[in-house]
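Descriptive structure summary
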2 protein chains.
Amino acid sequence: MLHEEVVARLREKLIDGVMPPGSRVPEKELCAEFGVSRTPLREALKVMASEGYIVLLPNRGARVAKMTARNLEELFEVCGGMEALAGELACQHGTDAEIAEIEALHDRMAEFYAVRDLAGYYPLNRAIHEAIVRATHNAVLINLYENVSARIRRARFVVPMPPDHWRLAMAEHEAILNALQRRDAVMLSSILKTHLRNKCEQVERAGFAESDETPTPPAAARKTPVKKPQPEQSDMERVP
Amino acid sequence: MLHEEVVARLREKLIDGVMPPGSRVPEKELCAEFGVSRTPLREALKVMASEGYIVLLPNRGARVAKMTARNLEELFEVCGGMEALAGELACQHGTDAEIAEIEALHDRMAEFYAVRDLAGYYPLNRAIHEAIVRATHNAVLINLYENVSARIRRARFVVPMPPDHWRLAMAEHEAILNALQRRDAVMLSSILKTHLRNKCEQVERAGFAESDETPTPPAAARKTPVKKPQPEQSDMERVP
DNA sequence: GACCCTAATTTTGAATGCAAAATGGCTGTC
DNA sequence: GACAGCCATTTTGCATTCAAAATTAGGGTC
């Protein structure tokens, strides 16, 4: 299954921001880079398109999907809904071992917080949320969450978390763990939704214009054929 | 974009149960049927696989994804979470016109209920739920909901709804409309989650064993090569 | 020099071709 | 008759090829 390999690698490239939003997806170069022919690459592109990572323009190839502020907001809304659901289901279906594992992750994360090590904190934060989702034992949810959270991660223009936000996030995580251990589905669900909303607002305040559009250079409808009318412009421009 | 056409047509075939779960996906025949070559068909298969409709077995082709009772339960859980989220967001972001449209759909549905016309009732029921999701103005959610609800629809072994359940569903729909009109996000969210849970339980009680497995005929590991060891068996067998 | 029209080149979308794997059928053995 | 082994056929996965569309480059006109 060559195309799956390509999907995985391409997805990484997109999430890591190697290919900026709005940029063309050069089939030929990617084929060379991955050492595959166009067939599996194009299969991968179709899959990525259906997952919302890229956009296919008829006869004009693929472009990395743009990330507008609105789109990010939508992703946060959905992700929040999924996490809330996950919290509820994890309380119902999670095993004690899984909860213990989450507790262990939490404790390790708390240590990183204690020394204010953001680079160590983040992966554990993510691991906790993923572990909660896995604890639902709901394969459908696990899959969809992976998709949505990856698309959000694609926008991780590293926001340098302000100390008070971080403190709040950490306090929420204490509450998350607590609710999970008590298997308080309603509480956990509610906290998780708030938790993500805080993150979302933080990101929004970190500075993105609502404006972003530029649907696509209108093809052959250009007048002055400047060398680069829209030089692979990356979307998500910050506001000053 | 030929493959999209194929995806659409294939999806219909799967949802309508023309191709039973677990059955092989015959590339050649489908190519002939759709009048396309294998390339776009295979692209479509990759997409459908990533959407959970079919399963790709390395070197053994594609099979229609089975629908186990557990899988259906998972889909209901996720769908419920999405509808709850949709209700909340629709209260926040829905326009008055959209709510009015939902009211109109509701009234038409109520008429079908009054004369106990299930065939007329169902499409409107579906239309209402879809309209609520659309009223969120959240494109991500709309897409994911479409996927999940279609996968559920694939299992619509027409359960002849018992009268009291129908009455309950109709009462819930009254409450749904009411909450929406009052833009009571918390209430609407809660009702929608319950609403779907009722449907789910109803389906479960309608008769599906939890057993279903049969991961895949273990390929060349069969002993007695009976003509048809697993004659394209459809999963989701009912319990007597 | 700006503009428009046409020809060469590149890129895209889909069909075809080809090697490897799997399937099915056949025979031979016990 | 059951079973293993071998070969023909089909199916699968991917590479390659081909036609159509888009992009680019060039040349003429004003």
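The rules behind each value
- Along every chain, residues carry numbers that run from 1 in the direction the sequence is written.
- Each chain gets a letter, beginning with A, and each ligand a number, beginning with 1, in the order they are written.
- In view of the model being predicted, local features appear only for residues whose pLDDT reaches at least 70, and side-chain atom pairs are presented and counted only at 80 or more, with totals across whole chains, interfaces and linings using the full set of residues.
- The side-chain quantities take in all heavy atoms of the structure and omit both hydrogens and water.
- Helix axes are fitted only over the stretch in contact, all axes being lines through C-alpha atoms; the angle between N-to-C directions runs from 0 to 180 degrees.
- Numbering of helices and strands runs from the N terminus, with a helix taken as a DSSP run of H or I at least four residues long and a strand as a DSSP run of E at least two residues long.
- In what follows, roughly perpendicular refers to angles from 65 to 115 degrees, roughly parallel to angles under 35, roughly antiparallel to angles over 145, and oblique to any angle outside these ranges.
- The crossing is said to be left-handed when, going from far helix to near helix, the turn is anticlockwise and less than a right angle, and right-handed when the turn is clockwise.
- Contacts are assigned to residue pairs with any non-hydrogen atoms lying within 4.5 Å of each other.
- Gly falls in the polar group here, along with every residue not listed as nonpolar (Ala, Val, Leu, Ile, Met, Phe, Trp, Tyr, Cys, Pro) or charged (Asp, Glu, Lys, Arg).
- Near is defined per residue: the residue qualifies when any heavy atom it owns lies within 4 Å of the molecule or strand.
- Definition of a polar contact: a pair of N or O atoms within 3.5 Å, with one able to donate and the other able to accept a hydrogen when the atoms are protein atoms, and with sequence-neighbouring residues admitted only if both atoms are side-chain atoms.
- Multiplying 1.5 Å by the helix residue count minus one yields the expected span of that helix.
- Note on exposure labels: buried denotes an accessible area under 20% of the residue type's maximum, exposed denotes more than 50%, and partly exposed covers the range between, all computed with a 1.4 Å probe on protein chains only.
- Least-squares superposition of the copies uses the C-alpha atoms of those residues scoring a pLDDT of at least 70 in each of them.
- Two parts placed together each lose some accessible area under a 1.4 Å probe, and adding up what both lose gives the buried area.
- A carboxyl oxygen of Asp or Glu within 4 Å of a side-chain nitrogen of Lys or Arg is what we treat as a salt bridge.

The name given to chain A in an unreviewed UniProt entry is GntR family transcriptional regulator, and the organism recorded there is Skermanella stibiiresistens SB22.

1. Quick look at the packing of helix α5 (residues 96-114) of chain A against helix α8 (residues 163-181) of chain A
Residue and element names in this part refer to chain A. Interaxial distance between α5 and α8 falls to 11 Å at its minimum, and their mutual angle equals 160°. For the element pair α5 / α8, the angle class is roughly antiparallel. Crossing geometry of α5 relative to α8 is assigned as left-handed. In this structure, α5 uses Ile99, Ile102, Glu103, His106, Met109, Ala110 and Tyr113 to contact α8, whose residues at the interface are Trp166, Arg167, Met170, His173, Glu174, Leu177, Leu180 and Gln181. Split by residue class, the contact of α5 with α8 holds nine nonpolar, three polar and three charged.

2. Some words on the protein's contact with DNA strand C
Lining the immediate surroundings of DNA strand C are 18 residues, of which Arg42 of chain A together with Leu2, Ser37, Thr39 and Arg60 of chain B lie closest. Counting only atoms of DNA strand C within 4 Å of the protein, the sugar-phosphate share comes to 66%. Ser37 of chain B has a polar side-chain atom sitting 2.3 Å from a phosphate oxygen of DNA strand C. Elements represented by at least two residues in the surface near DNA strand C include exactly α2 (27-34) and α3 (38-50) of chain A together with α3 (38-50) of chain B. Per element, the largest residue contribution to the surface near DNA strand C is three residues, and it comes from α3 of chain B.

3. What about helix α7 (residues 139-153) of chain A?
With 15 residues, α7 of chain A ought to run about 21 Å at 1.5 Å a step, and its terminal C-alpha atoms sit 21 Å apart, in line with that. Taken residue by residue, α7 of chain A has Val140, Leu141, Leu144, Tyr145, Asn147, Val148, Ser149, Ala150, Arg151, Ile152 and Arg153 of chain A as its buried positions. Residues of α7 of chain A that are buried in the fold lie against α1 (2-15), α4 (69-93) and α6 (118-134) of chain A together with α4 (69-93) and α7 (139-153) of chain B. Its side-chain oxygen 3.1 Å from the backbone nitrogen of Val140 of chain A, Asn138 of chain A forms the N-cap of α7 of chain A.

4. Considering the relation of the copies chain A and chain B
With an axial shift of 0.0 Å and an RMSD of 0.1 Å, the rotation relating chain A to chain B amounts to 180°. Considering both components of the superposition, the chain copies are consistent with a two-fold axis. Comparing interface residues between copies, 100% of those in chain A also sit at the interface in chain B, which points to an isologous, same-surface contact.

5. Quick notes on the interface of chain A and chain B
Contact with chain A, which involves 33 residues of that partner, is made by 33 residues of chain B. The contact between chain A and chain B buries some 2600 Å² in all, and 62% of this surface belongs to carbon and sulfur atoms. Linking chain A with chain B are five salt bridges. Ionic pairing is found between Lys193 of chain A and Glu88 of chain B, a salt bridge with its closest N-O pair at 3.0 Å. At the boundary of chain A and chain B, one finds 15 residue pairs in polar contact (both at pLDDT 80 or more). When residues of the side of chain A that touches chain B are traced back to their parent elements, those giving at least two are α3, β1 (54-57), α4 and α7 of chain A. For the side of chain A that touches chain B, the element with the most residues is α4 of chain A, which contributes 12 residues. Along the lines of polarity and charge, the residues of the side of chain A that touches chain B split into 15 nonpolar, eight polar and 10 charged.

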